[in-house]
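The primary structure of each chain is shown beneath.
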Amino acid sequence: MVNKFILISGCSGGGKSSVVFELESKGYEAVEEPGRRIIQEELAKGGRALPWIDTGAFAHRAIEVARADLALMSESSGFTFFDRGLVDAAIALESCSGLKAKETLGKVRQYNRQVFLVPPWPEIYVCDAERRHGYDDAVEEFERIRAVLPALGYDVYLLPKVGIGARADFIISTLRTSQVLQE
């Protein structure tokens with residue numbers, strides 16, 4: 001059976017959310033990034049599980065939210081695109097605590113083997129109220145993710161630096177070519 005959960009991962013500020021929104025506009029299921037939702041909630045209530053205050057607490061919350069997202073989408077019959085997810089949260093936890101992502105994730109691969117990785121793209125990178133770290137930090141994050149994904153059994157496909165529609169088309173084309181997605 002084909003795993004219908006497709007992970008879009010990679011550089012913060014590289015356009016993940018935009019491409020996931022584009023895929024949703026094409027009729028696919030989509031799940032919003034756990035980190036953004038957590039940051040919004042924590043800022044609203046004056047919480048401390050924020051990446052710039054308590055990275056470990058933030059990563060643990062992201063793991064909880066991502067697991068809940070997976071459970072919520074388990075009944076979905078079609079392909080679902082995840083803007084970040086459990087793998088990203090586990091890699092973040094590894095970075096701040098040393099707990100290996102593989103231990104956090106366990107033996108079951110939660111997403112399709114094919115993961116689409118958004119590279120650093122300085123021309124579109126911006127900071128905002130929820131993304132307070134600089135571009136260099138985003139590049140370091142990208143490198144961590146890119147290094148760990150293959151060790152977790154994922155095949156990495158780097159998204160080209162093209163417009164959002166072309167990125168979404170690249171993903172769909174890649175999935176069709178590998179016969180993961182058939183319509």
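Placed above this text is the structure.
I will try to describe carefully the structure that is included in this document.

The rules behind these values
By convention here, each chain's residues receive numbers from 1 onward along its written sequence. Totals for whole chains, interfaces and linings use every residue, but because this is a predicted model, local features are given only for residues with pLDDT of at least 70 and side-chain atom pairs only at 80 or more, for both listing and counting. Side-chain measures here rest on the full set of heavy atoms in the structure, leaving out hydrogens and waters. By this definition, two strands are paired if DSSP reports at least two bridges between them. Strands are runs of DSSP state E lasting at least two residues, helices are runs of H or I lasting at least four, and both sets are numbered from the N terminus onward. Only the contacting stretch of a helix is used when fitting its axis, a line to C-alpha atoms as for every element, and angles between N-to-C directions run 0 to 180 degrees. Any two residues whose heavy atoms approach within 4.5 Å are treated as being in contact. Using a 1.4 Å probe on the protein chains alone, a residue whose accessible area is under 20% of its type maximum counts as buried, one over 50% counts as exposed, and one in between counts as partly exposed.

### Topic: the sheet that holds strand β4 (residues 114–118)
Taken in spatial order, the five strands of this open sheet run β2-β3-β1-β4-β5, and their pairing is parallel. The two strands at the open ends of the sheet, each matched to only one other strand, are β2 (29–31) and β5 (155–158). On average, each strand axis in the sheet is inclined to that of its neighbour by 25°, with strand direction left out of account. As paired strands, β2 and strand β3 (residues 80–83) are joined by three bridges and run parallel to one another. Considered in β3, the bridge of A30 is made with F81. Contacting β1 (5–10), β2, β3 and β4, helix α1 (residues 16–25) crosses the sheet at an angle of about 160° to β3. Docked against the sheet, helix α6 (residues 135–151) engages β1, β4 and β5, running at close to 165° with respect to β4.

### Details of the side chain of D69
Examined against the element boundaries, D69 turns out to sit in helix α3 (residues 55–73). Overall, the relative accessible area of 8% leaves D69 in the buried class. Contacts of D69, omitting those with residues within four sequence positions, involve V31, E32, P34, R37 and F82.

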